[in-house]
Amino acid sequence: MKNRERPIGIFDSGLGGLTVFKELRALLPGEDLVYFGDTARVPYGTKSPEAVLAFSKEITAYLLEKKIKFLIVACNTASSLALEEIRGLSPVPVLGVIEPGVEAALKAVPAGGRVLVTGTSATVNSRAYSRALAAAGPGIKVAEKACPLFVPLVEEGWCARPAAAIAAREYLAPFRGKADVLILGCTHYPLLKKVIARVMGPRTRIVDSALAAARAALAQLSGLGLLNPARRGSSEFIVSDAPARFSELAYKLLRIRTGKVAVKRF
Ligand code: DGL
């Protein structure tokens, strides 16, 4: 099999990376995509850096066995805590979600403007976004806010319930009118974009790291001559637990028809 005909691997702690998958599927219809959701161990955002690193390495090794040509770490928490190590052990190019999110935010923020990064506790504690924003956009003021209840709300399929709006107000009302750009620094958060935007108000632009990552993947694959010329690619879904629930929520939240979801336990 030619390199460019091999699949792209994508992983997340659970459903969140499906926001990247969906953008990718739309941008790259000819690619074969293999998605892994670590549903047995979600959420990652409240785990220790050591645990997130160990899980990420295990999943990377598993996806590499599937002869992928490119790996997308569709999880901000794993990208914050494990990207360098994953790159170190992967013979294929690895894309995280932080760099694309930062680039998209820098395009949207005015000079000297204010960026609010939202993410899991682990992502915020790692300060990966603050560091990347400070290095690439000096003069920009950055605040970070962990929103730990957002992931369980999404994993429960409660994106449009009052509980989601209450949590968004609780976390973000103090920032209303105080940020030019808000980064959705967790791949689960695009599913809460409406409630988040409502709390922040019309003056804050919302940057979706999932969309930014999909666009970056297209650019990198094209630059590397790795785009698959096929007209229609396949999609494979694997989780570490509860495949029926994953499939149901993928359809309910994102209208993704997964077909049969396989299980791989570590
Ligand atoms: N979707 C993930 C992220 O982007 C992980 C959320 C979690 O498992 O806590 O950070």
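Structure: see above.
What counts and how
Residues numbered from 1 in each chain as written. Predicted model: local features only at pLDDT ≥ 70, side-chain atom pairs only at ≥ 80, totals over all residues. Heavy atoms only, no water. Phe/Tyr/Trp six-rings, centres within 6.5 Å; stacked < 30°, edge-to-face > 60°. Helix = DSSP H or I, 4+ residues; strand = E, 2+ residues; numbered from the N terminus. Buried < 20%, exposed > 50% of the residue type's maximum accessible area, 1.4 Å probe, protein only. Axes fitted to C-alpha atoms, helices over the stretch in contact; angles between N-to-C directions. Parallel < 35°, antiparallel > 145°, perpendicular 65-115°, else oblique. Left-handed = near helix turned anticlockwise from the far one by under 90°. Contact = heavy atoms within 4.5 Å. Near = heavy atom within 4 Å. Polar contact = N/O pair within 3.5 Å; in protein donor to acceptor, adjacent residues only side chain to side chain. Areas by Shrake-Rupley, 256 points an atom, 1.4 Å probe, with all protein chains shown as cover. Nonpolar A, V, L, I, M, F, W, Y, C, P; charged D, E, K, R; others polar. Core = buried A, V, L, I, M, F, W, Y, C linked by side-chain atoms within 4.5 Å. Pairing = 2+ DSSP bridges. Right-handed = clockwise from strand over helix to strand, strands pointing away.

**Describing the packing of aromatic side chains**
Within this structure, the stated rule accounts for 11 aromatic pairs. Ring geometry for Y62 versus F266: centroids 6.1 Å apart, planes at 90°, classification edge-to-face. One end of the pair, Y62, is in helix α2 (residues 49–65); the other, F266, is in the segment after β10 (262–263), and 204 residues separate them in sequence. Of the residues examined, Y62 reaches a relative accessible area of 14% and is grouped as buried. These aromatic residues form a ring-pair network of at least three members: F21, Y35, F237 and F246.

**A word on the packing of helix α1 (residues 18–27) against helix α10 (residues 209–223)**
Where α1 contacts α10, the two axes come as close as 8 Å, and the packing angle between them is 40°. Judged by the inter-axis angle, α1 sits oblique to α10. Along this stretch, α1 crosses α10, giving a crossing that reads as right-handed. Contacts between α1 and α10 involve T19, V20, E23, L24 and L27 from the former and A210, L211, A213, A214, R215, A217 and L218 from the latter.

**Topic: the site of the ligand**
Taken together, the neighbourhood of the ligand is formed by 14 residues, with S13, Y44, N76, T77 and H188 sitting nearest. One of the side-chain nitrogen or oxygen atoms of H188 is found 2.7 Å away from a nitrogen atom of the ligand. For the ligand, whose accessible area on its own is 300 Å², the fraction buried by protein is 99%. Split into classes, the residues belonging to the shell around the ligand amount to 6 nonpolar, 7 polar and 1 charged.

**Looking at the environment of R203**
Counting through the fold element by element, R203 comes out in the loop between α9 (193–200) and β8 (205–208). In contact with R203, other than residues within four places in its own chain, are R114, G177, A179 and D180.

**Regarding the nonpolar core**
By size, the foremost hydrophobic cluster in this structure holds 56 residues, and its most contacted members are I10, L18, I72, F150, L172 and I196. Each residue touching L172, except ones within four places of it in the same chain, is listed here: L116, T118, K145, C147, F150, L182, I196, V199 and M200. The next biggest cluster of nonpolar side chains, apart from the first, holds 25 residues, and it includes L63, C75, A82 and I86.

**A look at the pairing of strand β3 (residues 70–73)**
What you see with β3 is no split at all: F70 and I72 on one side and L71 and V73 on the other are buried throughout. In the sheet, strand β1 (residues 8–12) pairs with β3 via 4 bridges, with the strands oriented parallel. Residue pairing for β3: I8 is matched across the bridge by F70. Two strands pair when backbone bridges link them, and β3 and strand β4 (residues 94–95) are joined in this way by 2 bridges, in the parallel orientation. Bridge pairing in β4 links I72 to L95. Regarding the hand of the β-α-β motif, the stretch spanning β3, helix α3 (residues 76–89) and β4 is right-handed.

**So, the side chain of N228**
Considering the arrangement of structural elements, one finds N228 in the loop between α10 and β9 (235–239). Apart from residues no more than four positions distant in its own chain, N228 is found in contact with R4, E5, G30, E31 and K69.

**With respect to the pairing of β1**
Burial analysis of β1 places 5 of its 5 residues in the buried class, the great majority of the element. Sheet analysis places β1 next to strand β2 (residues 33–37), joined by 5 bridges and oriented parallel. Bridge assignment links D12 to a residue of β2, and that residue is G37. Viewed along the sheet, the connection from β1 through α1 into β2 turns out right-handed.

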